[in-house]
Amino acid sequence: MKVKSLPIQILAILLSLPFCGSGQTNLYQGPTKNNSHDLTTSFKSLHFQQIRQGKLYNHFYPNIKGHQFWDQAIYETGTLTFEGVTYREVLLNYDSYNNLVTTRIVQNGLSQSVILDNSRIDGFQINGHNFVNIRDSSNILTPGIYILAFEGPEVQFVVKTQKIVVGNTGRPGELLKKFVAEESNILLVDGEMHIVKNKKDVMEAFSNRPQLVAFIRSSRLRFRQKGEMTSSLLVVLGEL
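So, here is what we can say about the structure in this document. (Residues numbered from 1 in each chain as written. Predicted model: local features only at pLDDT ≥ 70, side-chain atom pairs only at ≥ 80, totals over all residues. Heavy atoms only, no water.)

Here we come to helix α5 (residues 228-237). Every buried residue of α5 is accounted for by E228, M229, S232, L233, V236 and L237. Seen end-on, α5 carries its buried residues on one side only, within an arc spanning 145 degrees. (Buried < 20%, exposed > 50% of the residue type's maximum accessible area, 1.4 Å probe, protein only. Helix = DSSP H or I, 4+ residues; strand = E, 2+ residues; numbered from the N terminus. Arc of directions from axis to C-beta.)

Dropping the structure here:
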């Protein structure tokens, strides 16, 4: 399904996030003799302390089967880009039901979870997956957090992942509700957005690239079942 052209601002955000190889200084690196470097490190340390002073995370659902987090309920060491500054080796988790990014702190001798301010997050990385935060409501992409699965000069592939609550099977002893993950796969091709749900949608998105369409048509790649779209699209994008 083809959607209207993607604004330049979104492409700028997607192309400018300093994830891999950003060259930014590690927050935990010790001081050096360079005064400017010392100031930068001091600023990042103060800034990082401010980041961690958010609201306590108190979203718990004991009556719903599963959990509200994107991948696992445990925290993982990741990378956070906050107000243009990148911090590495940060404990992070993503609550994809409430659209919240959280970190872990020790307060009064207790380990607690803190909600980070979404309005100031540019993106983050957990378990090898890059996430970008779209905040401008005037953009064609609905504001929210997306997985940046592929990034090229003319083509990007993002995934909107979200947990929802649905009714359970109702079998004896089971909880009445459970968390289920939903995904929307979005191709950004030459400044246009395409929501892709099947092989036909993918070929339509690449209609201006006949060689790629021929490859998709002749391949045995599958695009319908859960998990197939992402893996198959990455194979296709590898042909660019």
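There is more to say after this.
Along the chain, the position of D95 falls in strand β4 (residues 85-95). No salt bridge is formed by the buried D95; the nearest opposite charge belongs to K163, separated by 7.9 Å. A polar atom in the side chain of D95 sits 2.7 Å from the side chain of Y57. Setting aside its immediate chain neighbours within four residues, D95 contacts Y57, H59, Q68, F69 and L100. (Lys, Arg positive; Asp, Glu negative; His and termini not counted. Salt bridge = Lys/Arg side-chain N within 4 Å of Asp/Glu carboxyl O. Polar contact = N/O pair within 3.5 Å; in protein donor to acceptor, adjacent residues only side chain to side chain. Contact = heavy atoms within 4.5 Å.)

Below, the discussion takes up the layout of surface pockets. If you add up the space inside the largest pocket, you get close to 220 Å³. Taken together, 14 residues form the lining of the largest pocket, with E183, N185, V196, R224 and M229 sitting closest to its centre. For the lining of the largest pocket, the per-class residue count stands at 4 nonpolar, 5 polar and 5 charged. (1 Å grid on protein atoms, 1.4 Å probe; cavity = no way out; pocket = protein on both sides within 12 Å on 5 of 7 lines; lining within 4 Å. Points joined across faces, edges and corners; volume = space filled by probe spheres on them. Nonpolar A, V, L, I, M, F, W, Y, C, P; charged D, E, K, R; others polar.)

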